[in-house]
Amino acid sequence: MKLDLQARIDAAVECNVAPDDYFSVWDEIAEWQIDALKAIGLKPQHKLLDFGCGAFRVGLSAIDYLDDGNYYGIDAYAPYIEIGKKLVAVSGVTKTYAALASKDFEFEKFAAQFDFGIAQSVFTHMSGEECDRCMVALKQVMRAGGVFLFTYLIGAPVTRGMLYVGAQPMQRFAANDPQFFSALAARHGARFEGLEIKHITGQQVAQFGF
Amino acid sequence: MNISSPVAAAAAKFDGFDFERLRLGETELRNIRMELYHSTGTGFHIFKNFISPDLVSHIRSVWPKNEMPPGFQLLPGAHVYYPGCPNYYVRYPDGSQIFFNFLHQSPLDEVTQEVSVAVHMLRNRLSGRNAFQDLSGARALGYRVTLNRNFEEWVSPHRDFMDWDQRWTKKGEYDPSRLQATLVLSERGVDYSGNGFLFETNSKREITLGGDVPVSPGDLLIWRYGNLHSVENVKCSDDQFGFMRIVYPIYDLNESPPPPVVPRSFAVRVAAWLRDPVTLTRAVLGRVKRALS
């Protein structure tokens, strides 16, 4: 399911997005994500929620791996969804999938219950208050026994607000408490579990159990 | 106060001017990005008459003098850039000169600096960066005013920001969105002859600035930094001005100044040169070229 770099660049600029290193350092992170999901139990028959799916970096592999219709991607940056659709088309993947551009954790719009979820470098772009709202929304759509894999960093940067790709206002995660995510899980009736999976860019890796 | 006064009417003319209008609009942005990055694009875009003839004339007159400008230091070697470092200057035996300028120093020329900041902001907009990103700080713009007169191979063919081996160790080193800009201040065939700037398009065709691609002084060329490019075979007679341009490299600044070099006495240096003048001359020229690459 590999596309060459120029194919990704073409899809990006057709949607008026500059092709930064999100598009160039692509395959290895995609592989890391799909391998991590399989390592925690993802099988083709499972439904997967890809929160912060971007331009379907792991989505291309996941759509291909999962049974038809079991991939659901959502991202706050609408152009990424359009780029992702182009990449699915040029990659020759024929399975169906669902995708949504939303900044408001509208997972319920998929009208599905998920066995697995993933948020690769997404909580790193959310405030504490947004993390709470996200958990409320996840709680509604994750099956009992469902597992949500995520990566995170702990630390409060000086610059909290960010303008992602020079276009999309976001926040950087800004808590110094290493127990933040376990406390977040506890507040929402979920379980936090740190994982020993080594992340490709050095982020922490953990899962929420529902 | 009468709010229907001419002052209020004049203010109304500006109705609708907002933050978004300070920068290139989305439609133009998409069209130019397609030219720059897409496989069907060329890999470059020219903003014709980006600066006026008056500004070209001013910039041409204020820089190329045969003395080190105030506030500048001779470029001591490679890796000499750090927060607060001086602006640097190099002059070559053939009359070629380079001026390395940082925004943390007072500018030699406010016109050049004003234009350079605008170029950098435009480049950032096109490459999906915040307007003021990399203007100063650990990774900083160092706009480089360059006059080439006679050089066979000034900058060998190379690509920038396409270092696959450093993709994890140094963020942003393998980034196809990176753009470079060349503000053209000379006319090929008038101010110099030879090739000058060579660039490989997205379709792998080699083109010459001012040859295959007509440009005039005042034009701004924005180009894909990861495409193969070089500056070579510049020729210039005594009555020609030379190949003058401004380019906009980004430097990763060292945290602190390099340790001072222990000076060798003049006699020791002369003795070394007499022992092997060819090797030493080549070494010095090589160090200067490495410092510039």
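Below is a short write-up of the structure. Here the structure is a predicted model, which means the values were calculated and not measured.

1. Describing the sheet that holds strand β8 (residues 193-200) of chain B
Residues and elements named next belong to chain B.
Line of reasoning, step 1. A sheet is described by the order of its strands in space; here 4 strands give the open sequence β6-β11-β8-β9, paired in antiparallel fashion. Edge positions in the sheet fall to β6 (151-158) and β9 (206-208), since each has one partner strand and no second. Neighbour-to-neighbour, the strand axes of the sheet open up by a mean angle of 20°, direction not taken into account.
Line of reasoning, step 2. Bridge analysis of β8 against β9 gives 3 bridges, and the strand direction is antiparallel. Note on β9: the bridge partner recorded for L198 is T208.

2. Regarding the interface of chain B and chain A
Line of reasoning, step 1. The interface is formed by 26 residues belonging to chain B together with 21 residues belonging to chain A.
Line of reasoning, step 2. In total, chain B and chain A occlude about 1,900 Å² of area from one another, counting both sides; carbon and sulfur atoms represent 53% of this.
Line of reasoning, step 3. Along the contact surface separating chain B from chain A lie 2 salt bridges.
Line of reasoning, step 4. Between E28 of chain A and R167 of chain B there is a salt bridge; the shortest N-O distance is 2.6 Å.
Line of reasoning, step 5. Taken together, the links from chain B to chain A amount to 15 residue pairs in polar contact (both at pLDDT 80 or more).
Line of reasoning, step 6. At the level of secondary structure, the elements contributing two or more residues to the side of chain B that touches chain A comprise α2 (26-37) and α4 (110-126) of chain B.
Line of reasoning, step 7. Ranked by residues supplied to the side of chain B that touches chain A, first place goes to α2 of chain B with 6 residues.
Line of reasoning, step 8. For the side of chain B that touches chain A, the residue count by class is 9 nonpolar, 7 polar and 10 charged.

3. A closer look at the sheet that holds strand β3 (residues 98-101) of chain A
All names here are of chain A.
Line of reasoning, step 1. The 7 strands lie next to each other as β3-β2-β1-β4-β5-β9-β8, forming an open sheet whose pairing is mixed. With one partner strand each, in any of the chains shown, β3 and β8 (191-194) form the two edges of the open sheet. Along the sheet, successive strands turn relative to each other by an average axial angle of 15°, direction set aside.
Line of reasoning, step 2. Of the pairings in the sheet, the one linking strand β1 (residues 48-51) to strand β4 (residues 114-119) comprises 3 bridges and is parallel in character.

4. Topic: the pairing of β8 of chain B
Residues and elements named next belong to chain B.
Line of reasoning, step 1. Note: β8 against strand β11 (residues 229-235), 6 bridges, orientation antiparallel. Note that in β11 the partner of L198 across the bridge is S230.
Line of reasoning, step 2. Connecting β8 to the antiparallel partner β9 that follows it, the hairpin turn spans 5 residues, and K204 within it adopts a positive phi of roughly 70°.

5. Examining the packing of aromatic side chains
Line of reasoning, step 1. Counting across every chain of the model gives 52 aromatic pairs over all chains.
Line of reasoning, step 2. A ring pair is formed by F110 of chain A and F114 of chain A, whose centres lie 6.3 Å apart and whose planes are at 85°; its orientation type is edge-to-face. Side by side, F110 of chain A and F114 of chain A carry an identical accessibility label, which is buried.
Line of reasoning, step 3. With 4.8 Å between their ring centres and 55° between their planes, Y152 of chain A and F181 of chain A make a pair best called tilted. Here Y152 of chain A is found in strand β5 (residues 142-152), whereas its partner F181 of chain A is found in helix α7 (residues 180-187), with 29 residues between them in sequence. Accessibility classification places Y152 of chain A together with F181 of chain A in one group, the buried group.
Line of reasoning, step 4. One aromatic cluster is present, formed by F51, F105, F107, F123, F148, F150, Y152, F173, F180, F181, F192 and F208 of chain A through successive ring pairs.
Line of reasoning, step 5. The ring of Y65 of chain A has K38 of chain A sitting right over it, with the charged end atom 4.4 Å from the ring centre.
Line of reasoning, step 6. The positively charged end of R245 of chain B is found above the aromatic ring belonging to F243 of chain B, 4.2 Å away from the centroid.

Cut-offs used in this document
- Residues numbered from 1 in each chain as written.
- Chains lettered and ligands numbered in written order.
- Predicted model: local features only at pLDDT ≥ 70, side-chain atom pairs only at ≥ 80, totals over all residues.
- Heavy atoms only, no water.
- Pairing = 2+ DSSP bridges.
- Helix = DSSP H or I, 4+ residues; strand = E, 2+ residues; numbered from the N terminus.
- Axes fitted to C-alpha atoms, helices over the stretch in contact; angles between N-to-C directions.
- Contact = heavy atoms within 4.5 Å.
- Buried area = accessible area lost by both parts, 1.4 Å probe.
- Salt bridge = Lys/Arg side-chain N within 4 Å of Asp/Glu carboxyl O.
- Polar contact = N/O pair within 3.5 Å; in protein donor to acceptor, adjacent residues only side chain to side chain.
- Nonpolar A, V, L, I, M, F, W, Y, C, P; charged D, E, K, R; others polar.
- Phe/Tyr/Trp six-rings, centres within 6.5 Å; stacked < 30°, edge-to-face > 60°.
- Buried < 20%, exposed > 50% of the residue type's maximum accessible area, 1.4 Å probe, protein only.
- Lys NZ or Arg CZ within 6 Å of the ring centre and 35° of its normal.

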